[in-house]
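Fold and geometry: a report
Listed below are the residues making up each chain.
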Amino acid sequence: MPPLPFLKLYESNQALIINKPAGLPVHPGPRGGPSVEDWFPLMSRRKDGPWLAHRLDADTAGCLAIGLRKQTLLAIQSCFATGRAKKLYWAVVQGTAPDTLEIDLPLKKVSTLSQGWKMQGAPDGQSARTTLRCLGRDGTLSWVELTLESGRTHQARVHCAAAGLPVVGDPVYSAGKQMAGERLHLLSRELILPLAETISAIAPPPPHMLAALIRCGYDPARG
């Protein structure tokens, strides 16, 4: 088996946080191809585990937590379920973002003819709240930090689009404004899990986001 195709951002004998590359699914899908789970044998030699503690979209880069012990896995999952996990995302969005914005929009999964399904805002959906803070702008794009106070599927992408600030490279929620071949500019930047011993990690921006981030004032020297 080839070596791990991603960096470990945090490692103990209980858990890992890896820097998942954009484009790599977390688990095998119907289309085949590699996934994070393919490298589980290199993460632990125990007969039980590892386990994904949560999920990221295939096209989203950054912090992904993996449990190496069942008790730790359950503790991490409890952090997510009770809202105690701190999840910060970076995104490059189209448009001029305000300095701060609170987005409170319930979400539900709906069927579509072209894509199979997607998430959309709906009064009868699951509660979802995102806090947006603008970190920089260039007049056309904005670099934003997103604090997800809930963890719904596609939450960051749907909430940004609903605010009129679709994530660059989003083929589903950007209303056709993305350029052909442009990759999703969304990063799971920071993850903090307040367990008995706090687990935390910060992921660097993936290469495909750097040019847009720099346009908006990001300094690559900061990591």
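These notes cover the structure that comes with them. Bear in mind the structure is a predicted one, so any value in this text is a computation, not a measurement.

Let us now look at the overall build of the protein chain. Along the backbone of the protein chain there are four helices and 12 strands. Computed over the C-alpha atoms, the radius of gyration of the protein chain is 17 Å, within 12% of the 17 Å expected from 2.2 N^0.38 for a compact globule of 223 residues. Taking the principal axes of its C-alpha atoms as reference, the protein chain extends roughly 50 × 45 × 35 Å. Within the protein chain, contacts between residues separated by at least 24 positions form 61% of all contacts whose residues are at least 6 apart in sequence. Distance between charge centroids for the protein chain: 5 Å, based on 25 positive and 18 negative side chains.

A few words now on the environment of Asn-13. Mapped onto the fold, Asn-13 is located in the loop between strand S1 (8-11) and strand S2 (15-20). Sequence separation of Asn-13 and Ala-65 is 52 residues, and the distance between their C-alpha atoms is 13 Å. When neighbours within four sequence positions are excluded, Asn-13 is seen to be in contact with Leu-68 and Arg-69. In this structure the side chain of Asn-13 is engaged in a polar contact, spanning 3.3 Å, whose partner is the side chain of Gln-14.

Moving on, we come to the side chain of Asn-19. Mapped onto the secondary structure, Asn-19 falls in strand S2. The class for Asn-19 is buried, based on a relative accessible area of 15%. Dropping the residues within four chain positions of it, Asn-19 is found in contact with Phe-6, Leu-7, Leu-9, Gly-62, Ala-203 and Pro-204.

Before going further, it helps to examine the pattern of salt bridges. All told, the structure shown has 11 salt bridges when counted by the stated rule. For Glu-145, the salt bridge is made with Arg-133, and the minimal N-O distance between the two is 3.3 Å. Here the residue Glu-145 occupies a position in strand S10 (residues 141-148), and Arg-133 occupies one in strand S9 (residues 129-137), the gap between them amounting to 12 residues. Overall, the relative accessible area of 14% leaves Glu-145 in the buried class. Measuring nitrogen to oxygen at the nearest pair gives 2.9 Å for the salt bridge that ties Arg-157 to Asp-170. Placement of Arg-157 in helix H3 (residues 155-162) and of Asp-170 in the loop between H3 and strand S11 (186-193) is noted, with a sequence separation of 13 residues between them. In this pair, the class of Arg-157 matches that of Asp-170, namely buried. One salt-bridge network, held together by shared partners, links Glu-102, Asp-104, Arg-129 and Glu-149.

Moving on, we come to the environment of Leu-88. Here Leu-88 shows up in strand S5 (residues 86-94). In this structure Leu-88 comes out as buried when scored by relative accessible area, which is 8%. Along the chain, Leu-88 and Leu-191 lie 103 residues apart, while their C-alpha atoms are 6.6 Å from each other. Leu-88 has contacts with Glu-145, Leu-146, Thr-147, Leu-187, Ser-188, Arg-189 and Glu-190, leaving out every residue within four places of it along the chain.

Calculation notes
Residues numbered from 1 in each chain as written. Predicted model: local features only at pLDDT ≥ 70, side-chain atom pairs only at ≥ 80, totals over all residues. Heavy atoms only, no water. Helix = DSSP H or I, 4+ residues; strand = E, 2+ residues; numbered from the N terminus. Rg over C-alpha atoms; globule rule 2.2 N^0.38 Å. Contact = heavy atoms within 4.5 Å. Lys, Arg positive; Asp, Glu negative; His and termini not counted. Charge placed at Lys NZ, Arg CZ, Asp CG, Glu CD. Polar contact = N/O pair within 3.5 Å; in protein donor to acceptor, adjacent residues only side chain to side chain. Buried < 20%, exposed > 50% of the residue type's maximum accessible area, 1.4 Å probe, protein only. Salt bridge = Lys/Arg side-chain N within 4 Å of Asp/Glu carboxyl O.

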